[in-house]
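Coordinate inspection notes
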Amino acid sequence: MSTHPHTPEDLVDLVDQVLGGLGLDVRDAVRIADGHPAPDSVDSYVVAALRAGWCPPRHRDDDPAVAPEPASAPQDRS
Amino acid sequence: MSAVDAFDLAQRLRAATTGSPTPRAVFTPCLTPIDPVAVVLDRDAGEPVLHAATPTAAATGRGHHALAALYAVGVRLDDTHRTLVVPDLATLAALGMLAREAPGTRGGAHTEAAAVVAWWDQRGDHPGTSAVLPVTDTCALRWALGTTRRAEQHVQTWRTWLDVSSTGPQALLDLADRVAEGDPLPGLQDAYDTDARSWSRFRDDLDGGRDWRRPDSRTQAAFGLTTRSDATQLFESLRLRDPLVALRESYAGNVVTGRVAAIGKHTMLVESTQPVCRLRPGSDVQGWRGDAVAVPGANDNRIPKLTAALREVTVSAGRALALELGEISRHHGTITVGDMVTLRGRAVDPYQQQRARGFRGLHYRTAGNWMATRNAPRGGRRPVPLDVVIQAADD
């Protein structure tokens, strides 16, 4: 499970915009998308959407382990 | 926060975590470029500088002679049209302006290149066209990156994420090759035929002495709006044939998945736990057995399909959406109570669009129609559906 993503700062801002109201940060969002339980404050449809976007069906077909491998060292590529 | 925001965010988080673009579509959202010509327009200096390249040639033009670079790489009014590859549609608009300002010597290099640019400019307004490939927009239809939507508007971002080492117009050609790799969206081939007909008509008009710089007549302008609107609707409809697009749209509410709760002789009740449904009561819908990603191909008879009219959408006490369907098709076959089904708006039929344009053309020329006269149209008011008003307010 990739629970320690290295993300560009602008992506962190994006998480703040989308999930900030729920008090979640990047690491929380990735953990939920990865399949970890979500806090009660997060609606089930948000959880379902996060997981579906994180792991589209094509990936499920291609990757039996479902979760992606952690990146070696993603850089700020924007 | 909407569910589709969470879906999009997760795709970006995945890309940032893996260091690779996340697919947003199974099919390529464009056709393979035809004898492509890539253009980068540098407007930072005092005068525009146009860099053009094909797989075998490159040229640069400046100022009033910028379009000569296109002529130098072989842009002509040839028998078949070519694909223009640009960073974005803003570049195409700037090119169109250059063409309109180009010296108008008949038969000159500028004139021929300017005419081709004018055709590209109008085709660029038709989503799915084979005539223009705006790289950043097309890439964003195919992949999500681990960055913001704003960063995706820059070619440099795509070069980095797709490991394209070339620069300038050559980079655009390489990116176009990457984004067009794979099977194109089913049904998109029709766009090529439409472009080919448009190109042929355009050349015939020029041969007949028409000046493309002359503004459209009312009828031509009306037709232009109609073809643009039809192309937009058709492309959006075709996109829903892509399983990953259908999955995303299920979180936006344009695709609804649920369980069949009851089936009558011509009716069906579908209950869904989705939070939102944007299918409008009174509209025609179609569907298939299975979830959103099980979307069948046009000729795939393995998955039972249905067509129906959406009569009503209500919310039950348990917060489930109840969709009441009428006039269901008889060939839904083995769909039974308890099955999972997915519904979307009825697919746009390009042949029906074509027929409708033909009828409209007749109507525009009918005596008494204000378009056939020099008079201004009379204003009129009519009720606007509430969801259209809400959508307009959101925009």
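Residues numbered from 1 in each chain as written. Chains lettered and ligands numbered in written order. Predicted model: local features only at pLDDT ≥ 70, side-chain atom pairs only at ≥ 80, totals over all residues. Heavy atoms only, no water.

**Quick notes on the overall build of chain A**
What chain A contains, in helices and strands, is four helices and zero strands. Secondary structure elements of chain A, listed N to C terminal, follow the sequence α-α-α-α. Out of the 78 residues belonging to chain A, those deemed buried represent 42%. Partitioning the contacts of chain A with sequence separation of at least 6, the portion at a separation of at least 24 is 39%. (Helix = DSSP H or I, 4+ residues; strand = E, 2+ residues; numbered from the N terminus. Buried < 20%, exposed > 50% of the residue type's maximum accessible area, 1.4 Å probe, protein only. Contact = heavy atoms within 4.5 Å.)

**Considering the pattern of salt bridges**
Residues and elements named next belong to chain B. According to the stated counting rule, one finds 12 salt bridges over all chains in the structure shown. The residue Arg 12 makes a salt bridge to Glu 152 at a minimum N-O spacing of 2.8 Å. Of this pair, Arg 12 sits in helix H1 (residues 3-18) while Glu 152 sits in the loop between strand S7 (143-144) and helix H6 (155-161), placing them 140 residues apart in sequence. Of the charged contacts in the structure, one is a salt bridge between Arg 289 and Asp 339, with a shortest N-O distance of 3.6 Å. A residue pair is termed long-range when its members are at least 10 positions apart, and Arg 289 in strand S10 (residues 284-289) and Asp 339 in the loop between strand S12 (321-326) and strand S13 (340-345) qualify at 50 residues. Take Arg 289: its relative accessible area is 32%, and that puts it in the partly exposed class. A residue is classified by how much of its surface remains accessible, and Asp 339, at 17% relative accessible area, is buried. (Salt bridge = Lys/Arg side-chain N within 4 Å of Asp/Glu carboxyl O.)

**Regarding the packing of helix H5 (residues 135-142) of chain B against helix H7 (residues 168-179) of chain B**
Residue and element names in this part refer to chain B. For the pair H5 and H7, interaxial distance at closest approach is 10 Å and the crossing angle is 25 degrees. On the basis of the axis angle, H5 is roughly parallel to H7. With respect to the hand of their crossing, H5 and H7 are arranged in left-handed fashion. Along the contact surface, H5 presents Val 135, Thr 138, Cys 139 and Arg 142, while H7 presents Leu 172, Leu 175, Arg 178 and Val 179. Taken together, the residues of the contact of H5 with H7 break down into five nonpolar, one polar and two charged. (Axes fitted to C-alpha atoms, helices over the stretch in contact; angles between N-to-C directions. Parallel < 35°, antiparallel > 145°, perpendicular 65-115°, else oblique. Left-handed = near helix turned anticlockwise from the far one by under 90°. Nonpolar A, V, L, I, M, F, W, Y, C, P; charged D, E, K, R; others polar.)

**Quick look at the pairing of S10 of chain B**
Residues and elements named next belong to chain B. The pairing of S10 with strand S11 (residues 305-315) spans five bridges and is classified as antiparallel. When the sheet's bridge partners are listed, Gly 287 is paired in S11 with Leu 306. By the bridge criterion, five bridges tie S10 to S13 in an arrangement that is antiparallel. Counted as the bridge partner of Gly 287 is Leu 343 from S13. (Pairing = 2+ DSSP bridges.)

**Description of the nonpolar core**
Within soluble globular proteins, side chains that are nonpolar tend to cluster in buried spots. All names here are of chain B. In this structure, Val 39, Leu 50, Leu 67, Leu 70, Leu 95, Trp 120 and Trp 212 are the most contacted members of the largest nonpolar core, which totals 34 residues. When residues of this core are traced back to their parent elements, those giving at least two are strand S2 (37-42), strand S3 (49-53), helix H2 (68-72), strand S5 (84-86), helix H3 (89-101), helix H4 (109-123) and helix H8 (189-207). A per-element tally of this core places H4 first, with eight residues. With near-sequence residues (within four places) excluded, Leu 67 lies in contact with Leu 50, Leu 95, Leu 98, Ala 99, Ala 102, His 110, Ala 113, Ala 114 and Val 117. (Core = buried A, V, L, I, M, F, W, Y, C linked by side-chain atoms within 4.5 Å.)

**Looking at the sheet that holds S12 of chain B**
Overall, antiparallel pairing links the six strands, which are arranged S8-S9-S12-S11-S10-S13 (chain B) in a closed barrel. Sheet twist, expressed as the average angle between the axes of neighbouring strands with direction ignored, equals 45 degrees.

**Regarding the side chain of Thr 226 of chain B**
Residue and element names in this part refer to chain B. As for its placement among the helices and strands, Thr 226 is situated in helix H9 (residues 218-239). You can call Thr 226 buried: its relative accessible area is 8%. The residues touching Thr 226, leaving out its near neighbours within four places in the chain, are Arg 357, Arg 360 and Tyr 364.

**Comments concerning the sheet that holds S5 of chain B**
Residues and elements named next belong to chain B. With mixed pairing, five strands are arranged side by side in an open sheet as S4-S3-S2-S5-S6. At either end of the open sheet lies a strand with only one pairing partner, and these are strand S4 (58-62) and strand S6 (132-134). The sheet shows a mean angle of 20 degrees between the axes of neighbouring strands, taken without regard to direction. Pairing of S5 with S6 involves three bridges; the strand directions are parallel. Within S6, the position partnered with Leu 84 by the bridge is Val 132. Relative to S6, H5 is tilted by about 70 degrees, and along the sheet it contacts S5 and S6.

**Describing a negative patch on the surface**
The grouping of Glu 9, Asp 13, Asp 16 and Asp 25 of chain A at the surface amounts to a negative patch. For Asp 25 of chain A, a relative accessible area of 38% translates into the label partly exposed. (Patch = residues over 30% accessible without salt bridge, like charges linked within 9 Å, V, L, I, M, F, W, Y side chains within 5 Å. Areas by Shrake-Rupley, 256 points an atom, 1.4 Å probe, with all protein chains shown as cover. Lys, Arg positive; Asp, Glu negative; His and termini not counted. Charge placed at Lys NZ, Arg CZ, Asp CG, Glu CD.)

**As for the side chain of Ser 272 of chain B**
All names here are of chain B. Mapped onto the secondary structure, Ser 272 falls in strand S9 (residues 268-272). There is a polar contact of 2.7 Å between the side chain of Ser 272 and the backbone oxygen of Thr 257. Excluding anything up to four places from it in sequence, Ser 272 contacts Val 256, Thr 257, Gly 258, Ala 320, Leu 321 and Leu 323. (Polar contact = N/O pair within 3.5 Å; in protein donor to acceptor, adjacent residues only side chain to side chain.)

**Structural notes on the packing of H1 of chain B against helix H10 (residues 243-252) of chain B**
Residues and elements named next belong to chain B. Closest axis-to-axis distance for the H1/H10 pair is 7 Å, and the angle between their directions is 140 degrees. Judged by the inter-axis angle, H1 sits oblique to H10. Where H1 abuts H10, its residues Ala 3, Val 4, Phe 7 and Asp 8 lie against Leu 247, Arg 248, Tyr 251 and Ala 252. Looking at the contact of H1 with H10, its residues break down into six nonpolar, no polar and two charged.

**Quick notes on unusual backbone geometry**
Residue and element names in this part refer to chain B. Unlike most non-glycine residues, Asp 163 shows phi in positive territory, near 55 degrees. Tracing the sequence through the fold places Asp 163 in the loop between H6 and H7. For Asp 163, a relative accessible area of 64% corresponds to the exposed category. Here Glu 327, not a glycine, exhibits a phi torsion of approximately 55 degrees, which is positive.

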